[in-house]
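The chain contents come next:
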Amino acid sequence: MEFFRSDAFASQARHLMGQHHVTGLAVAVIQDDEIASAGYGYESLESKKQCTADTLFDIASCSKSMTAASVALLVEDNEKYPEVQWDATMSSLLPEDFVMPDPEDTKRVTIDDVLSHTTGMADHEIAILGSKSEHTDTPRSITRNLRNLPMAHKHRAKWEYCNIMYSAAAHLVSEKSGQSFNDFLEERIFRPLNMTSTSLQPASAIAKGFGDRLARGHAWIEDDEKYIEFPQLTSVEGEGAGCVISSANDLIKWVKALLNREGPISEKVYRGLTRIRAISDPENKYSRRFESAEVYAAGMEMYWYRGYNIISHYGGVPGFRSRFFFIPEMNFGACFMGNSADSVNTPLSRQLINAVLNLPPVPRPLPRKDNRKTKKTPKPTQDLAIRLKDQSAGEPGTTPDEVKDEKPQDQITAEGPQKPKPKNPPQPQKEKKPRPQTKPLSDYVGNYWHPGYRRLTVTTKDDQLFIDGADRSYYGVTLTFEHVSNQTKYTACLRYHNEPYDERIRAEFVFDESGRAVKMGLKLEPVLKHLIWFELEKDT
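Residues numbered from 1 in each chain as written. Predicted model: local features only at pLDDT ≥ 70, side-chain atom pairs only at ≥ 80, totals over all residues. Heavy atoms only, no water.

A look at the overall build of the protein chain
Assigned secondary structure in the protein chain consists of 13 helices and 22 strands. A total of 540 residues make up the protein chain; the buried ones form 58% of that total. Of the contacts formed within the protein chain by residues at least 6 apart in sequence, a portion of 64% connects residues at least 24 apart. Summed over its atoms, the accessible surface of the protein chain is roughly 24300 Å², and 49% of this surface lies on carbon and sulfur atoms. (Helix = DSSP H or I, 4+ residues; strand = E, 2+ residues; numbered from the N terminus. Buried < 20%, exposed > 50% of the residue type's maximum accessible area, 1.4 Å probe, protein only. Contact = heavy atoms within 4.5 Å. Areas by Shrake-Rupley, 256 points an atom, 1.4 Å probe, with all protein chains shown as cover.)

Quick word on the sheet that holds strand E8 (residues 244-246)
Read from one edge to the other, the open sheet built from three strands follows the order E4-E8-E5, with strand pairing classed as antiparallel. Two strands in the sheet have a free side with no partner beyond their single neighbour: strand E4 (57-58) and strand E5 (199-200). Pairing of E5 with E8 involves two bridges; the strand directions are antiparallel. Paired with Ser199 across the bridge in E8 is Ile245. (Pairing = 2+ DSSP bridges.)

So, helix H1 (residues 7-20)
An ideal rise of 1.5 Å per residue puts 20 Å on 14 residues; H1 measures up with 20 Å between its terminal C-alpha atoms. Here H1 lies mainly inside the structure; eleven of its 14 residues are buried. Those residues of H1 that sit buried are Phe9, Ala10, Ser11, Gln12, Ala13, His15, Leu16, Met17, Gly18, Gln19 and His20. Buried residues belonging to H1 abut strand E1 (24-31), strand E2 (34-44) and helix H12 (345-356). Following H1 by one or two positions, His21 adopts a phi angle in the positive range, close to 55 degrees. (Expected span 1.5 Å × (residues − 1).)

Some details on helix H7 (residues 163-177)
Count 3.6 residues to each turn of an α-helix, and residues three or four apart come out pointing the same way. Over its 15 residues, H7 runs 22 Å from end to end, which matches the ideal 21 Å to within 8%, given 1.5 Å per residue. Of all 15 residues that make up H7, 13 are buried, and the element is covered over most of its length. Downstream of H7 by a residue or two, Gly178 has a phi angle that is positive, lying close to 75 degrees.

A closer look at the packing of helix H2 (residues 64-76) against H7
Running from amino to carboxyl end, H2 crosses H7 at an angle of 40 degrees, the nearest separation of the two axes being 10 Å. The handedness of the crossing between H2 and H7 is left-handed. On H7, the residues that touch Lys64, Thr67, Ala68, Ser70, Val71 and Leu74 of H2 are Asn163, Tyr166, Ala169, Ala170, Leu172, Val173 and Lys176. Here the contact of H2 with H7 is composed, by residue class, of eight nonpolar, three polar and two charged. (Axes fitted to C-alpha atoms, helices over the stretch in contact; angles between N-to-C directions. Left-handed = near helix turned anticlockwise from the far one by under 90°. Nonpolar A, V, L, I, M, F, W, Y, C, P; charged D, E, K, R; others polar.)

As for the side chain of Thr143
Inspection of the secondary structure assignment puts Thr143 in helix H6 (residues 139-144). Thr143 gets classed as buried once you look at its relative accessible area, which sits at 0%. When residues no more than four places from it in sequence are discounted, the contact partners of Thr143 are Asp97, Phe98, Ser167, Ala168 and His171.

Written as structure tokens, this is what we have:
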């Protein structure tokens, strides 16, 4: 706690924010029953309104811990919900709605599987219809659409992060309790813990009179060297997987409840939430020095750092990043929330953990004995949001390993595991020049249909094939096609609105005898080996 209140921590927070283009950050810390909090930067860069510990952020996937706790409350109540148990099959609880592509999986998938990401289902993020669609998805419609989506793995064969299964969990809570998911959270979690500033969805926060406290999302566009700014978005389709709006001062009450078994978090509920169900990083690819591989419980992940158990979760949606963690043995915890596409939550967490554990400094790597140059630490970027006062301040135990660019768990899992670099990498080959597009683009345009992904419409823009996916979840996507070869193979640039990055995916068209495109394949799921195939609708 002393370190958190020090000038060194504040200076290091501002230093990292400048490096990573984080416009606003709110942090709260609990040790025993003492709570402290602080805000840095701006909740809106345009208005220059200061960020505080009462600023409201979208905490994204940190919401999953509350979804899992909602299910745990049903499990605990054997009088009202005797059928809801951790090992109960979802199809027995939602017989009309929960149907997997394989009938055998329908019979096998349990609540435990859903909350631990071990169903085998891929994330299928782009299959979800958002607020700009004529038929916005809900937790129920997402659950009912599972039958139309391809699996990534066999049941329980591999851990695969899957947001849509948490939509199914929210639907289960609503169906069994007879309440909307919003009302259940308000009655069973938010009010009992006096989380008066916390809501499900920005619209609920505005209805409570908190609209002026909502942070705006930001993303730094490197090519243009400027920020874009946008409001938080009400996304009914994200409920269960995310969409809780909270402040640092409120979310720390949730951390406190988990630490002290307060309010709705009884000992039984806590044990159910923290029981290890899967190894999420079996190859130990993402752990840092002195950390174990990560395991997953229910809505929370766990790892051990120098022998201490750390329970946490990350969150990330366009323009917002969050994290909470707690160390049961030290009765210590913290929460972080920022309103930028990048984040400093991991390095600051590590510094707080080192301080509370009173650990010695982490040894720095020995200098190289050869003449190879080491990478220099990039200088912090000066921008409108951050004016650095002290760029040299740090904390004992901080190493370059701790200030790496942080990648939210949502993105890591959505992209799938990265292949290790080969010991003897092959020499780079000259990139083949794409062949010119000779076939008329009109032979490709039209409406294409997949039962799980629904309709995608191919049009043209700037003499290229183009898909406007503004109807997809959150802020939507676009796909711009670049011809590669044979008038059938393409690379599609998949761009997420309000995110500073894009992906290049494989695309392919199949033609009928008349030369008209009748099928379109897109590599929309990285963990799938095959393309997602859409068929041209007959009325196109």
